[in-house]
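# Close look at the chain arrangement
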Amino acid sequence: DSGVTQTPKHLITATGQRVTLRCSPRSGDLSVYWYQQSLDQGLQFLIQYYNGEERAKGNILERFSAQQFPDLHSELNLSSLELGDSALYFCASSVGGRSSYEQYFGPGTRLTVT
Amino acid sequence: DQQVKQNSPSLSVQEGRISILNCDYTNSMFDYFLWYKKYPAEGPTFLISISSIKDKNEDGRFTVFLNKSAKHLSLHIVPSQPGDSAVYFCAALHNAGNMLTFGGGTRLMVKP
């Protein structure tokens, strides 16, 4: 158990809808990262938050947004969903900065868009 | 453009033998490398890492080697055990940021 929790575990929704994925980092970790793993691709970095502020952005679509709350949990919002958004979405956390490079991953949320 | 590549999608090894998983990268600004193991229906689990100032790091049965001039790293598992069967991802950290760039993964199967 990495200490990172993600809810829900599975999500099935229709095209055009909006969903919110939730992540709680390990106790003491200030950084949260979101990754997408599609069937035919490896893990793709989406976005990082550090202590409530956006720190880095990767290949995140404009239809997607994220935030980190004062209690450090994070939410990833996916809107106007398309079939191609079906994927595993992972959240990871780390202490933050470059003092600790290892990121610890949650179990993921499997999103299916029909 | 894939900056981190794992050219072998799968590898099969007999229990007790050595498993060698390879990873190549193109960006010379990567300065820290990590290996993750992933079982089905679980998130990736951190395994071992190496800084670019080193060429070897060992942790029990796992050793990571880094060849900076060749931009190549490898993970050695000795001896391999059936419980090591999983997908292994190498990842690289850019010296200016915290985001990890992952390779596509190698599925390791250790046969009893």
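In what follows, the structure referred to is the one given above.
Residues numbered from 1 in each chain as written. Chains lettered and ligands numbered in written order. Predicted model: local features only at pLDDT ≥ 70, side-chain atom pairs only at ≥ 80, totals over all residues. Heavy atoms only, no water.

## Here we look at the side chain of Q6 of chain B
All names here are of chain B. Tracing the chain through its elements places Q6 in the loop between β1 (4-5) and β2 (10-14). Residue Q6 is classed as buried on the basis of its relative accessible area of 9%. Only 2.9 Å separates the side chain of Q6 from the backbone oxygen of Y88, close enough to count as a polar contact. Among the polar contacts made by the side chain of Q6, one reaches the main-chain amide nitrogen of C90 at a distance of 3.1 Å. Contact partners of Q6, with chain neighbours within four places excluded, come to N22, C23, W35, Y88, F89, C90, G103, G104, G105 and T106. (Helix = DSSP H or I, 4+ residues; strand = E, 2+ residues; numbered from the N terminus. Buried < 20%, exposed > 50% of the residue type's maximum accessible area, 1.4 Å probe, protein only. Polar contact = N/O pair within 3.5 Å; in protein donor to acceptor, adjacent residues only side chain to side chain. Contact = heavy atoms within 4.5 Å.)

## What to know about the interface of chain A and chain B
Note on interface size: it is often stated as the accessible area lost on association of the parts. On the chain B side, the residues contacting the 18 residues of chain A number 21 residues. Buried area between chain A and chain B, summed over both chains or domains, comes out near 1600 Å², and the portion from carbon and sulfur atoms is 59%. Counting across the interface, chain A meets chain B through 0 salt bridges. For the pair chain A and chain B, the interface holds 4 residue pairs in polar contact (both at pLDDT 80 or more). Broken down by secondary-structure element, the contributors of at least two residues to the side of chain A that touches chain B are β4 (31-37), β5 (43-50) and β10 (104-105) of chain A. Within the side of chain A that touches chain B, the residues separate by chemical class into 9 nonpolar, 6 polar and 3 charged. (Buried area = accessible area lost by both parts, 1.4 Å probe. Salt bridge = Lys/Arg side-chain N within 4 Å of Asp/Glu carboxyl O. Nonpolar A, V, L, I, M, F, W, Y, C, P; charged D, E, K, R; others polar.)

## Remarks on a nonpolar patch on the surface
All names here are of chain B. Where nonpolar side chains cluster on the molecular surface, the patch consists of I18, I20 and V78 and spans about 230 Å² of accessible area. Mapped onto the elements of the fold, I20 is located in strand β3 (residues 19-25). Classification of I20 as partly exposed rests on a relative accessible area of 38%. (Patch = residues over 30% accessible without salt bridge, like charges linked within 9 Å, V, L, I, M, F, W, Y side chains within 5 Å. Areas by Shrake-Rupley, 256 points an atom, 1.4 Å probe, with all protein chains shown as cover.)

## Remarks on the state of the cysteines
Residues and elements named next belong to chain B. In this structure the tally under the stated criterion is 2 disulfides over all chains. With its sulfur 1.8 Å from that of its partner, C23 forms a disulfide with C90. Disulfide C23-C90: torsion about the S-S bond near 60 degrees, hence right-handed. Here the residue C23 occupies a position in strand β3, and C90 occupies one in strand β9 (residues 86-94), the gap between them amounting to 67 residues. (Disulfide = S-S within 2.5 Å.)

## A word on the pattern of salt bridges
Under the counting rule described, the total for this entry stands at 5 salt bridges over all chains. Of the charged contacts in the structure, one is a salt bridge between D85 of chain A and R63 of chain A, with a shortest N-O distance of 2.8 Å. Taken together, the residues D85 of chain A in the loop between β8 (74-78) and β9 (87-94) and R63 of chain A in the loop between β6 (53-57) and β7 (64-68) connect sequence positions 22 residues apart. A salt bridge links D84 of chain B to R61 of chain B; the nearest nitrogen and oxygen atoms lie 2.8 Å apart. Of this pair, D84 of chain B sits in the loop between β8 (72-77) and β9 while R61 of chain B is found in the loop between β6 (56-59) and β7 (62-67), placing the two residues 23 residues apart along the sequence. Using a relative accessible area of 22% as the deciding quantity, one classes R61 of chain B as partly exposed. Connected via shared salt-bridge partners are R63, E82 and D85 of chain A.

## Regarding the environment of S8 of chain B
All names here are of chain B. Structurally, S8 can be placed in the loop between β1 and β2. Sequence separation between S8 and S85 is 77 residues, and the spatial gap between their C-alpha atoms is 15 Å. Setting aside residues up to four positions removed in sequence, S8 forms contacts with G105 and T106.

## Notes on the nonpolar core
If you look at the biggest cluster of nonpolar residues, it comprises 23 residues, and the most contacted ones within it are F33, W35, L73, L75 and Y88 of chain B. Elements with a minimum of two residues in this core: β3, β4 (30-38), β5 (45-51), β7, β8, β9 and β11 (106-111) of chain B. With 4 residues, the single largest contributor to this core is β9 of chain B. If near-sequence neighbours (up to four positions away) are discounted, F33 of chain B is found in contact with Y25, I48, S49, I50, S52, L66, L73, A91 and A92 of chain B. Counting 21 residues, the second largest nonpolar core, distinct from the first, contains V19, V32, Y49 and Y89 of chain A. (Core = buried A, V, L, I, M, F, W, Y, C linked by side-chain atoms within 4.5 Å.)

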